[in-house]
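So you can see what is in the structure, the chains are spelled out below.
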Amino acid sequence: MSRARLKAGVWLAVLTLLPFFMLLSLLKGSAALSVTDLWQGSDLSRRILYELRLPRILLVMLSGGLLAITGAVVQALFRNPLADPGLIGVSGGAALAAVAWQVTVSATIGAGVVASFGMPLAAFVGGMLVTFMVIRIARSASGISSLTLLLTGIAINAIAAAGIAGLKYLSDSMTLRQVTFWLMGNVQGASWWSVLTLLLISMVFVPVLIRYAAQLNLLLLGEQQAYLLGVDVKAIQQRLVLITALMVGAVVSMVGLIGFVGLVVPHIVRLINGPDNRFLLPISFLLGALLLLVADLVARVVASPAELPIGLITALIGGPVFLVMIAYRQRERG
Amino acid sequence: MLSAESLSVIRHGRALLDNASMEVKPGSLHVILGPNGAGKTTLLKTLAGLIAADIGRVALEGKNIEEYSVSERSLTLAVLLQEQLLDFPFHVREVVSMGAYPIGAVFSQQNYLADKAMTALDIQHLADRDYTTLSGGEKQRTHLARLLVQISAKTAYVLLDEPLKAIDLKHQVAVMQQIRTITNQGKAVLLIVHDLSLAAQFADTITLMDSGRIVMTGTPAQVMQPDILSELFQTPIGFTEVLGQPLFFTRSTI
């Protein structure tokens, strides 16, 4: 069985590359550090390492992992490999809700505990509403068509963009700056608080998602056939929509809009290892963490000391991959 | 016993099922025949609990089908639907093994059951092939093998909606032999097909349907009369026996 050997190989590759790029990422940047700075550097290099780079790296990895695994789950839920939280409008809805919170509540009461806890919550609610809406609109008796799904996404993203533009217009210049940078995928302001939030969400909910992997496989046979095989389809859909919306909402509220990770990563894993979700979900989480870590490294190094927005890098990789996927599917259908 | 008790299903002001009653008995093959749009699939899906009847009820071993939990029902009743929606590149073996989900088999047992089912349907050589690259008939045999895995436990009722669709003659025989094996194990099989000769040859009981209604139920000898069938299908149907086997054919000329 060649697939079994490939699986082991991918695990090994990801697991060795991850610490390697973590180390590289810690040391590279506008201020170059050496390995010895990790334990005996100056005060400044320590501060760079532990207050700037380490939380940033962890935030990036957790975001990448969560975006990738939610992509894989959403693709199984919609039985469509082109579904991605960004493309179908979930991230857009989450962003709109988060911006609305930022511009109205946070701008009025100032940056406090309520403001910083409220934003991820708002993003979660926005993402959840959009997901349920997309399911309602795009589902028909025979399943969910790519076309309807993506068109729904375009419409929702347009509405979200218009809403965000309107809110920006209403906001003061300080909030405007914050919102603009954040939307482009901002990981500079990484705090240990945001790292801990995403870590907690990952530790609690990633195992939950993986526990549903076998049922997600059956769901790919069609909702009715899965139901006939003993899968409580409605209950699982509801639970998974809530969990993915929570994950997307949390990530969007922490790092803004970073596209295509949820599309590209599961696609790569599926190409190498097949679509079995029991493998796809955990490995997507790890590969997503690795991919975004590398993207962040590139974003920091390529125009150093300036930084590119990380969302730009992922779009540069993800856009072409998405095009190839569409072209390939198009040719297969004849 | 799986029984439909005066089922009516009404959608958009039209009766898809109209006061339909029937029984599927353990150890027997029950075939449903009828023209397109007669309500055969609706009846099957209502019996499977996928469609809720507006009037009447479905009783599975005396208990209302809606009272079964999802997992309990999947252990009692196995269904092969007409449309297969799978569009992800699983290996054939992986698809077949999905049938083991309700019985919660461990991996080695899953593999054993999958191998057995694939051999029965002659797709053993496709085990490591990408499902999405198969032909229509091979896909259909893959799903039938998945169903065989599912019913390897105590499942007592099997509903098949046109399982022979796209399958070549040699493997149609293999499928019918499997169905015979299943009924010999004491399980009940409900089968929708369009091949009259095949129905007459294999069925224990035949139900004729038209416009959502049950026209007639009986043994093949009672039901499979050329005049009844010609009336039902609105086309002249002839009958002969070749080498002791019933053969039905259309008499219309083109």
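Basis of the calculations
- Residues numbered from 1 in each chain as written.
- Chains lettered and ligands numbered in written order.
- Predicted model: local features only at pLDDT ≥ 70, side-chain atom pairs only at ≥ 80, totals over all residues.
- Heavy atoms only, no water.
- Contact = heavy atoms within 4.5 Å.
- Buried area = accessible area lost by both parts, 1.4 Å probe.
- Salt bridge = Lys/Arg side-chain N within 4 Å of Asp/Glu carboxyl O.
- Polar contact = N/O pair within 3.5 Å; in protein donor to acceptor, adjacent residues only side chain to side chain.
- Helix = DSSP H or I, 4+ residues; strand = E, 2+ residues; numbered from the N terminus.
- Nonpolar A, V, L, I, M, F, W, Y, C, P; charged D, E, K, R; others polar.
- Phe/Tyr/Trp six-rings, centres within 6.5 Å; stacked < 30°, edge-to-face > 60°.
- Buried < 20%, exposed > 50% of the residue type's maximum accessible area, 1.4 Å probe, protein only.
- Core = buried A, V, L, I, M, F, W, Y, C linked by side-chain atoms within 4.5 Å.
- Pairing = 2+ DSSP bridges.
- pLDDT = per-residue confidence, 0-100.
- Axes fitted to C-alpha atoms, helices over the stretch in contact; angles between N-to-C directions.
- UniProt positions renumbered as here; feature names shortened; annotations may be inferred.

J.: So what exactly am I meant to see when it comes to the interface of chain A and chain B here?
T.: Accessible area lost on assembly of the parts is the figure often given for the size of an interface. Taken together, the contact between chain A and chain B spans 27 residues of the former and 30 residues of the latter. For the chain A and chain B pair, buried surface summed over both sides reaches about 2,500 Å², with 62% attributable to carbon and sulfur atoms. Contact with chain B buries surface across chain A, with A:Leu221, A:Leu228 and A:Leu229 losing the most and accounting together for 26% of the total. On inspection of chain A and its partner chain B, the count reaches zero salt bridges. Across the contact surface, chain A and chain B share five residue pairs in polar contact (both at pLDDT 80 or more). Contributions of two or more residues to the side of chain A that touches chain B are made by α9 (213-219), α10 (223-228) and α14 (310-333) of chain A. Of the residues in the side of chain A that touches chain B, the class split is eleven nonpolar, nine polar and seven charged.

J.: Sorry if this is basic, but what is going on with the packing of aromatic side chains here?
T.: In this description, an aromatic ring pair is defined by two values, namely the gap between the centres and the angle between the planes. In the structure shown here, the tally under the stated rule is three aromatic pairs over all chains. Note on A:Phe20 and A:Phe21: the rings are 5.2 Å apart at their centroids and 80° apart in plane angle, and the pair reads as edge-to-face. A residue is classified by how much of its surface remains accessible, and A:Phe20, at 48% relative accessible area, is partly exposed. Seen from their ring centres, B:Phe239 and B:Phe248 are 4.9 Å apart, and the 45° between their planes marks the pair as tilted.

J.: Is there a simple way to explain the environment of B:Leu33 in this structure?
T.: Residue and element names in this part refer to chain B. One can find Leu33 in strand β3 (residues 29-33). Taking C-alpha positions, Leu33 is 6.6 Å from His194, a pair spaced 161 residues apart along the chain. Beyond its immediate stretch of four places on either side in the chain, Leu33 contacts Lys40, Val193, Leu196, Ala199, Ile206, Thr207, Leu208, Met209, Met224 and Leu232.

J.: Help me understand the nonpolar core in this model?
T.: Soluble, globular proteins show a tendency: their nonpolar side chains are buried together. Core analysis: the largest hydrophobic core is formed by 151 residues, its most contacted members being A:Phe78, B:Val31, B:Leu33, B:Val96, B:Leu160, B:Ile206 and B:Met224. Considering each element in turn, this core owes the most residues, 17 residues, to helix α3 (residues 43-77) of chain A. Formed by 31 residues, the second largest nonpolar core is a distinct cluster that contains B:Leu50, B:Leu60, B:Val79 and B:Met209.

J.: Sorry, what's going on with the pairing of strand β12 (residues 245-250) of chain B here?
T.: The two faces of the sheet receive side chains in turn, since in a regular strand these alternate between them. Residue and element names in this part refer to chain B. Pairing geometry for strand β11 (residues 237-242) and β12, over six bridges, is antiparallel. Of the residues in β12, the one forming a bridge with Glu241 is Pro246. Turn length for the β11-β12 hairpin, with the two strands adjacent in sequence and antiparallel, is two residues, and the turn residue Leu243 shows positive phi of about 50°.

J.: I would appreciate a short explanation of the confidence of the model for chain A in the present structure.
T.: The predicted structure's coordinates, where accompanied by low pLDDT, should not be read in detail. Per-residue pLDDT for chain A averages 86, and the proportion of residues at 70 or more is 94%. Mean pLDDT values for the elements of chain A range from 64 in strand β2 (residues 143-144) of chain A up to 95 in α9(A).

J.: Quick question: what am I supposed to make of the sheet that holds strand β10 (residues 213-218) of chain B here?
T.: Strand pairing in a sheet takes place through backbone hydrogen bonds and is either antiparallel or parallel in direction. Residue and element names in this part refer to chain B. With mixed pairing, the six strands of this open sheet are ordered in space as β6-β7-β8-β3-β9-β10. Two strands close off the open sheet at either side, each with one partner strand: β6 (77-80) and β10. Each strand of the sheet is rotated relative to its neighbour by a mean of 15°, with strand direction disregarded. With four bridges connecting them, β6 and strand β7 (residues 157-161) associate as parallel partners. Across the sheet, the residue bridging to Ala78 is Val158, located in β7. Along the sheet face, helix α6 (residues 169-184) touches β3, β7 and β8 (188-192) and points at about 150° away from the line of β8. Helix α9 (residues 226-233) rests against β3, β9 (205-210) and β10 of the sheet, and its axis sits at about 35° to β9.

J.: How should the side chain of B:Thr183 be read in this particular structure?
T.: Residue and element names in this part refer to chain B. Within the element layout of this structure, Thr183 appears in helix α6. In this structure Thr183 comes out as buried when scored by relative accessible area, which is 3%. Within the local environment of Thr183, its side chain forms a polar contact with the backbone oxygen of Arg180, the two atoms lying 2.9 Å apart.

J.: Which parts of the structure should I look at to understand the UniProt feature "transmembrane region" (unreviewed entry) in chain A?
T.: Sites flagged by UniProt as "transmembrane region" (unreviewed entry) map to residues 56-78, 85-103, 109-135, 147-170, 190-210, 240-267, 279-298 and 310-328 of chain A. Span residues 310-328 of chain A is 100% helix and 0% strand, its end C-alpha atoms 27 Å apart.

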